[in-house]
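Summary of structural features
Residues per chain, in single letters:
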Amino acid sequence: MVDTLTLWVVIVVVGVLNYLSRLSFVAFFANRQMPPLLARSLRYVPAAMLTALVLPMIVTAPDGTDHFASPRVVAAVVAGIVGFRTRRTLPTLVAGMATLYAIQWLLR
Amino acid sequence: MRHIVSHSEFRLGFAEMLPACLGLVPFGLVTGVGAAAAGADFWGALGMSMIIFSGAAQILAAQLMAAHAPLAVVILTCFVAGLRFLMYSAAMAPYLRPLPPRWRNGLPFLLTDQAFAAAIRRFDATHHDPQAGAMHFLGGGLALWLCWQATNVCGFLAGNLIPASWSLDFAVPLCFVALVAPALVSWPTILAAVVAGALVLALAGMPMKLNLIVAGLAGIAAGTLADMAKERWSTR
């Protein structure tokens, strides 16, 4: 599915870019303050990027159509509530998977 | 090497990170599953976890490559997701700057969400003794890195062994739900997530999987603007 050369180009380039991001203010901009607008917008990177990454995995079927009333959506909502409450990964994962299995079993 | 491993701050950093490592186990497993689901081979999956060393970037890369997005789009999207490291880098800079260049330039490779939180606490506790803090950071960072490799490999192997009917691939989005849900406590953050989520679906027809990056950037912009508006409103 993924060809080896492409994969390794991505590994090296993304690896280097991630490292440079981690190094940025330690090495290159050592004597500079982070611009306030940049500092402010970086706070919203995780919420925006992760939601954009996750929603299609939950909603979009392999044929490209979106389904908002599927077992996966219900399981993800349950997991979201548990995650919001507990702030922990494991209970969130267990709640989501258990809900998915329960619905699949009921709809059998 | 030996004097590092026997250093008390190194050992303390390593030991203190073990509970956080435990919390990272599900995420590492799921990242390995994601690599397997995208069709990466063993060495490719290991290369991702060893070199990229970031769950979000690894899963994004695997997803986009499986969807045959062009190389530039894969790289750009992963880069934007990794921009949060700038935030940690800026916060760590005052602590790492006094170190010799080799340490100063090497340690940020181990900078992750968990290592960042632990390091800030420790540098403050050691009264900003740069060497003790650096040893502590190295210990904790190494513990996380080793745990990440072990769990990624286990997840990759499990992802290839466990039948598709178990829906193990669904654990991947759930892990990110666990990361995002607790953050949805302020209006700007909620808006950032809603805008990004709505756009990624609405723009699903965009070529080259560009909808992901466009939706992500729009979400970041929406969150930032809402943050500024909120501040203006509350100072009035």
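You'll find the structure just up there.
Residues numbered from 1 in each chain as written. Chains lettered and ligands numbered in written order. Predicted model: local features only at pLDDT ≥ 70, side-chain atom pairs only at ≥ 80, totals over all residues. Heavy atoms only, no water.

The interface is formed by 87 residues belonging to chain B together with 67 residues belonging to chain A. Where chain B abuts chain A, roughly 6600 Å² becomes buried across the two surfaces, and 76% of that area is made up of carbon and sulfur atoms. When the area that chain B buries against chain A is broken down by residue, the three leading residues are B:L86, B:F170 and B:L201, summing to 10%. If you look at where chain B meets chain A, you find four salt bridges. With its nearest N and O atoms 3.2 Å apart, the salt bridge here joins A:R43 to B:D227. Scanning the region where chain B abuts chain A turns up 15 residue pairs in polar contact (both at pLDDT 80 or more). (Contact = heavy atoms within 4.5 Å. Buried area = accessible area lost by both parts, 1.4 Å probe. Salt bridge = Lys/Arg side-chain N within 4 Å of Asp/Glu carboxyl O. Polar contact = N/O pair within 3.5 Å; in protein donor to acceptor, adjacent residues only side chain to side chain.)

Bringing unusual backbone geometry into the picture now. Phi at A:R87 is positive, roughly 60°, even though this residue is not glycine. For A:R87, the position within the fold is in the loop between α4 (71-86) and α5 (89-106). A:R87 gets classed as exposed once you look at its relative accessible area, which sits at 54%. Phi is positive for B:K209, which is not a glycine, with a value near 60°. On the secondary structure map, B:K209 appears in the loop between α11 (187-202) and α12 (210-235). (Helix = DSSP H or I, 4+ residues; strand = E, 2+ residues; numbered from the N terminus. Buried < 20%, exposed > 50% of the residue type's maximum accessible area, 1.4 Å probe, protein only.)

As a further point, take the packing of aromatic side chains. Under the counting rule described, the total for this entry stands at nine aromatic pairs over all chains. Linked through ring pairs, A:Y19, B:F53 and B:F109 together constitute an aromatic cluster. Positioned above the aromatic ring of B:F85 is the side chain of A:R22, whose terminal nitrogen or guanidinium carbon lies 4.1 Å from the ring centre. Looking at B:R84, its charged tip hangs above the ring of B:F85, at a distance of 4.6 Å from the centre. (Phe/Tyr/Trp six-rings, centres within 6.5 Å; stacked < 30°, edge-to-face > 60°. Lys NZ or Arg CZ within 6 Å of the ring centre and 35° of its normal.)

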